[in-house]
Amino acid sequence: MYNPNNTVYFLITNQRLSQDLSLMKKYPNLHFRYLHLEDFFADSPLDDLWKTGSVHRSSWPVSHLSDLLRYLVLYKFGGTYLDTDSISLRSLPEFPNFVGVEYSSIGSLGAGALRFEKGHEIIKKIIERLSTEFDGSQWGWNGPGLLSSVMQESCNVKDLQSWPVSCSQVEIGEQDWFYAVNWRNVDLFFTGNLEYLETAYRNSYIAHIWGSKIRSRRLTAESPLFQLLRKHCPLTASYLIDD
């Protein structure tokens, strides 16, 4: 709805997942693409890491595979990456490169909304360090942890709560940009009302809804989250609840 002039690729790693033709008819700029993992990692800086089996043996193999793929896609092609548990609320910022603070209380950066030009030095450094510093025992290190570390080093930032507006040609958005409601506050999605939730997102480009934290929660037509989704992504909402 909000980025009609952008080509959107929905990346899948399982060929058995069917392409949703109704979505593609509604949004002609949406394309599904299957990634054959061995081929995608082949001849890349992460090929040796992939071949070691470290990702398969990880404590969180799906999450850590996602971390590697998002960075490798940006390394190979450049562009914008968004987690699938995101709701677009308006057009994304037009900066050629951006990241966003995930949790202002500690200053960590999030890896759920990223844009980098192909060949950008930050992505190169992340890929380089992933190839030797991948850690399957820590949930967040290979994604937001490594991003925060590389940006901190590149920006010469001593205090993570004092990020500059930009550095290394990368805009650093405040928490409100992409992560206004932190995962610690997901009750807001199910209690209260839409007006209160929209107030929380008044300065946001997307609503990151923390799928892993809410997957066991019951969504109803009265849930503020469902009402937000119905307003900003009505076709998707129509698949969830028949009201």
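In what follows, the structure referred to is the one given above.
Caption draft 1: Examining the sheet that holds strand β5 (residues 98–103) more closely. The strand order across the open sheet formed by five strands is β3-β6-β5-β8-β7, and the pairing between neighbours is mixed. Strands with a single pairing partner mark the edges of an open sheet, and in this sheet they are β3 (79–82) and β7 (166–167). Note: β3 against strand β6 (residues 108–116), four bridges, orientation antiparallel. Bridge pairing in β6 links L82 to A113. Relative to β6, helix α4 (residues 61–77) is tilted by about 35°, and along the sheet it contacts β3 and β6. Running over the sheet, helix α6 (residues 141–155) touches β5, β6, β7 and β8 (170–173) and is turned about 80° from β6.

Caption draft 2: Here's a closer look at the packing of aromatic side chains. Overall, the coordinates contain nine aromatic pairs when judged by the stated rule. For the pair F10 and F32, a centre-to-centre distance of 5.3 Å together with 40° between the ring planes defines the contact as tilted. With a gap of 22 residues between them, F10 in strand β1 (residues 8–12) and F32 in strand β2 (residues 30–34) connect regions that are remote in the sequence. Ring centres of W177 and F178 lie 5.7 Å apart, and the angle between their planes is 85°; on these two criteria the pair is classed as edge-to-face. The same class applies to W177 and to F178, which are both buried.

Caption draft 3: Geometry of the state of the cysteines. Summed over the entire model, instances satisfying the criterion amount to one disulfide. One disulfide in the model links C155 with C167; its S-S distance is 1.6 Å. Here C155, found in helix α6, pairs with C167, found in strand β7; they are 12 residues apart in sequence, far enough to count as distant. With respect to burial, C155 and C167 carry one shared label: buried.

Caption draft 4: Focus on the environment of E133. Note that E133 resides in helix α5 (residues 121–133). Put simply, E133 and L146 are 13 residues apart on the chain and 8.9 Å apart in space, counted from C-alpha to C-alpha.

Caption draft 5: Structural context of the nonpolar core. In terms of nonpolar packing, the biggest core is built from 38 residues, with F41, Y71, V99, I126, M151 and I172 touching the most fellow members. The contacts of F41, once residues within four sequence positions are left out, are L46, D47, W50, L65, L68, L69 and L72. A113, A180, I209 and W210 belong to the second largest nonpolar core, which has 30 residues in total.

Caption draft 6: Here's a closer look at the pattern of salt bridges. If you walk through the whole model with that rule in mind, you get eight salt bridges. For K51, the salt bridge is made with D47, and the minimal N-O distance between the two is 3.2 Å. Of the two residues, K51 and D47 are both situated in helix α3 (residues 47–52); the distance of four residues between them amounts to about one turn of the helix. Note that E133 is salt-bridged to R129, the shortest N-O span being 3.0 Å. Taken as a pair, E133 and R129 lie in helix α5 at a separation of four residues, close to a single helical turn. The buried category is assigned to R129, whose relative accessible area is 18%.

Caption draft 7: Geometry of the pairing of β5. With six of six residues buried, β5 is to be regarded as a mostly interior element. Note that β5 and β6 share four bridges and pair antiparallel. By the bridge assignment for β6, G100 is matched with G110. Hairpin connection between β5 and β6: a loop of four residues separates the two successive antiparallel strands, and G107 in this loop has a positive phi of roughly 85°. Here three bridges tie β5 to β8, and the two strands are oriented parallel to one another. Within β8, the position partnered with G100 by the bridge is G173.

Caption draft 8: Expanded view of the packing of α4 against α5. It is at 9 Å that the axes of α4 and α5 come closest, and there the two elements cross at 135°. In terms of orientation, α4 and α5 fall into the oblique class. The handedness of the crossing between α4 and α5 is left-handed. For the pair α4 and α5, contact is made by L68, Y71, L72, L74 and Y75 and by I123, K124, I126, I127 and L130, respectively.

About the thresholds
Residues numbered from 1 in each chain as written. Predicted model: local features only at pLDDT ≥ 70, side-chain atom pairs only at ≥ 80, totals over all residues. Heavy atoms only, no water. Pairing = 2+ DSSP bridges. Helix = DSSP H or I, 4+ residues; strand = E, 2+ residues; numbered from the N terminus. Contact = heavy atoms within 4.5 Å. Axes fitted to C-alpha atoms, helices over the stretch in contact; angles between N-to-C directions. Phe/Tyr/Trp six-rings, centres within 6.5 Å; stacked < 30°, edge-to-face > 60°. Buried < 20%, exposed > 50% of the residue type's maximum accessible area, 1.4 Å probe, protein only. Disulfide = S-S within 2.5 Å. Core = buried A, V, L, I, M, F, W, Y, C linked by side-chain atoms within 4.5 Å. Salt bridge = Lys/Arg side-chain N within 4 Å of Asp/Glu carboxyl O. Parallel < 35°, antiparallel > 145°, perpendicular 65-115°, else oblique. Left-handed = near helix turned anticlockwise from the far one by under 90°.

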